[in-house]
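# Structural features, examined
What follows is the residue order along each chain.
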Amino acid sequence: MLSDPLPLRPHHGMCMAYFVGCGYSDAFSAHMAALLGELASASPIRLTTATDAVCGPCPNNHGGLCNKPDLVAGYDRAVLTLCELEEGCLISFGSFTRLVQERILSPGLRPTICGGCQWNDLCAAQPSRWGMAGLSSKSGNRDKKPLAIPVW
């Protein structure tokens, strides 16, 4: 388990849910698999809209900046809004993934956020790994009114 908060872009909570070993490159895929292996439910993460722990070996990362900044910023804003979180938020990885599952993936909102992504077909073809783990009845939006769905 990681002890220092790992910087994580909010939209990577969706990407990691469907990762099956395919990626931009072999180095990127190995890095993503290693991160998923290291992150325990209790691992602390800090949500960021800058390049993060996942972005390192991504070919779209040029000197610490994504070459698709507006696109990924929109993904991040959507996840933050739907999960009612803010940039800089310190949260456990398990709490974050439960929110992503309950508020975005289970209600079927992922395609409205990132349906144009090159990995959409892969994500659409399988269940979320966060849903496989089961959801705690103490987390999420269970006792609240349904969230308004913003237009991205």
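These remarks concern the structure in this document.

### A few points about the sheet that holds strand β1 (residues 6–8)
- The 3 strands are arranged β1-β2-β5 in an open sheet whose pairing can be described as mixed. Of all strands in the sheet, those bounded by a partner on one side alone are β1 and β5 (90–92). Averaged over neighbouring strand pairs, the angle between their axes works out to 40° when direction is ignored.
- Sheet topology note: the strand β2 (residues 44–47)/β5 ladder contains 3 bridges and is antiparallel. If you follow I45 over to β5, its bridge partner there is I91.

### A closer look at helix α3 (residues 69–82)
- Over its 14 residues, α3 runs 20 Å from end to end, which matches the ideal 20 Å to within 8%, given 1.5 Å per residue.
- Within the sequence span of α3, burial applies to V72, G74, Y75, D76, A78, V79, L80 and L82.
- Where α3 terminates, the next one or two residues include E84, which has phi positive at roughly 55°.

### Observations regarding the pattern of salt bridges
- Summed over the entire model, instances satisfying the criterion amount to 2 salt bridges.
- Two residues, D76 and R9, come together in a salt bridge whose shortest N-O distance is 2.6 Å. Here D76, found in helix α3, pairs with R9, found in the loop between β1 and α1 (12–18); they are 67 residues apart in sequence, far enough to count as distant.
- On the accessibility criterion, D76 (0% relative accessible area) is buried.
- R9 gets classed as buried once you look at its relative accessible area, which sits at 5%.
- Taking the shortest distance from any N to any O, the salt bridge between R103 and E84 comes out at 3.7 Å. Of the two residues, R103 is situated in helix α4 (residues 93–105) and E84 in the loop between α3 and β5; the sequence distance between them amounts to 19 residues.

What counts and how
Residues numbered from 1 in each chain as written. Predicted model: local features only at pLDDT ≥ 70, side-chain atom pairs only at ≥ 80, totals over all residues. Heavy atoms only, no water. Pairing = 2+ DSSP bridges. Helix = DSSP H or I, 4+ residues; strand = E, 2+ residues; numbered from the N terminus. Axes fitted to C-alpha atoms, helices over the stretch in contact; angles between N-to-C directions. Expected span 1.5 Å × (residues − 1). Buried < 20%, exposed > 50% of the residue type's maximum accessible area, 1.4 Å probe, protein only. Salt bridge = Lys/Arg side-chain N within 4 Å of Asp/Glu carboxyl O.

So, to be careful, I would describe these as geometric facts and stop short of saying anything about function.
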